[in-house]
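The residues making up each chain are set out below.
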Amino acid sequence: MTQTSESVTWLTQAAYDQLRAELDYLSGPARTEITIKIAAAREEGDLRENGGYHAAKEEQGKQELRIRQLTQLLEKAKVGTAPAAEGEVAPGTLVKIAFDGDENDTMEFLLASREYASSDFETYSPQSPLGTGVMGKKIGEDAQYELPNGKHASVRILDVKPFTG
């Protein structure tokens, strides 16, 4: 997955198909199932103290939120690889960094949304402190980002390549 702007989300075909299947399930069979759960809970009587009813309504709300998220994402999605400058950190790239410029203390990670995390690589969101710090940097450049404790860390970009999944 690669995002190049607020208006376009780049997805691999596999990611697009997976998200489309999830949306189809949630807006079809899953909607029917939750409607049946709510109806059954309503028949139990007093809704004010009906835990099953309230749980089903909460589940329905979460499901409808996910349907909206997927719909918006897929409306903006393009299948393929985003055009990116060679060697520039962008969503959908594998990034190798050296902490404090020390080439013996390195890490390689995928810069992408958690939904597209790979089991082979640690994944950092473009909105994370590290992701924000390295975004747009090129091989050989230094980047700074803020740690959770408020201190700052420095990394050097050693390598950037497109993630082929």
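Please refer to the structure higher up on the page.
Attention in this report is confined to the structure presented alongside it.

The rules we used
- Residues numbered from 1 in each chain as written.
- Predicted model: local features only at pLDDT ≥ 70, side-chain atom pairs only at ≥ 80, totals over all residues.
- Heavy atoms only, no water.
- Core = buried A, V, L, I, M, F, W, Y, C linked by side-chain atoms within 4.5 Å.
- Buried < 20%, exposed > 50% of the residue type's maximum accessible area, 1.4 Å probe, protein only.
- Helix = DSSP H or I, 4+ residues; strand = E, 2+ residues; numbered from the N terminus.
- Contact = heavy atoms within 4.5 Å.
- Salt bridge = Lys/Arg side-chain N within 4 Å of Asp/Glu carboxyl O.

### Looking at the nonpolar core
Grouped burial of nonpolar side chains is what soluble globular proteins tend to show.
Here is step 1 of the chain: In this structure, Val 89, Ile 97, Phe 109, Leu 130, Val 134 and Ile 157 are the most contacted members of the largest nonpolar core, which totals 15 residues.
Here is step 2 of the chain: Residue assignment for this core shows that the elements contributing at least two residues are β4 (93-99), β5 (106-111), α4 (129-134), β7 (142-146) and β8 (152-162).
Here is step 3 of the chain: Sort the elements by how many residues they give to this core and β8 lands first, with 4 residues.
Here is step 4 of the chain: Once residues lying within four places of it in the same chain are set aside, the contact partners of Val 89 are Val 95, Leu 111, Val 134, Met 135, Gly 136, Lys 137, Ile 157 and Val 160.
Here is step 5 of the chain: One finds Leu 23, Leu 26, Ile 67 and Leu 73 within the second-largest nonpolar core, a separate group that totals 11 residues.

### Description of the pattern of salt bridges
Here is step 1 of the chain: Counted by the stated rule, this structure contains 8 salt bridges.
Here is step 2 of the chain: As a salt-bridge pair, Glu 22 and Arg 66 come within 2.9 Å of each other at their nearest N and O atoms. Taken together, the residues span a long stretch of sequence, with Glu 22 in helix α1 (residues 13-27) and Arg 66 in helix α3 (residues 51-76) at a distance of 44 residues.
Here is step 3 of the chain: Note that Glu 108 and Lys 161 form a salt bridge whose closest N and O atoms lie 3.8 Å from each other. In this pair, Glu 108 sits in strand β5 while Lys 161 sits in strand β8, placing the two residues 53 residues apart along the sequence.
Here is step 4 of the chain: Of the residues examined, Glu 108 reaches a relative accessible area of 31% and is grouped as partly exposed.

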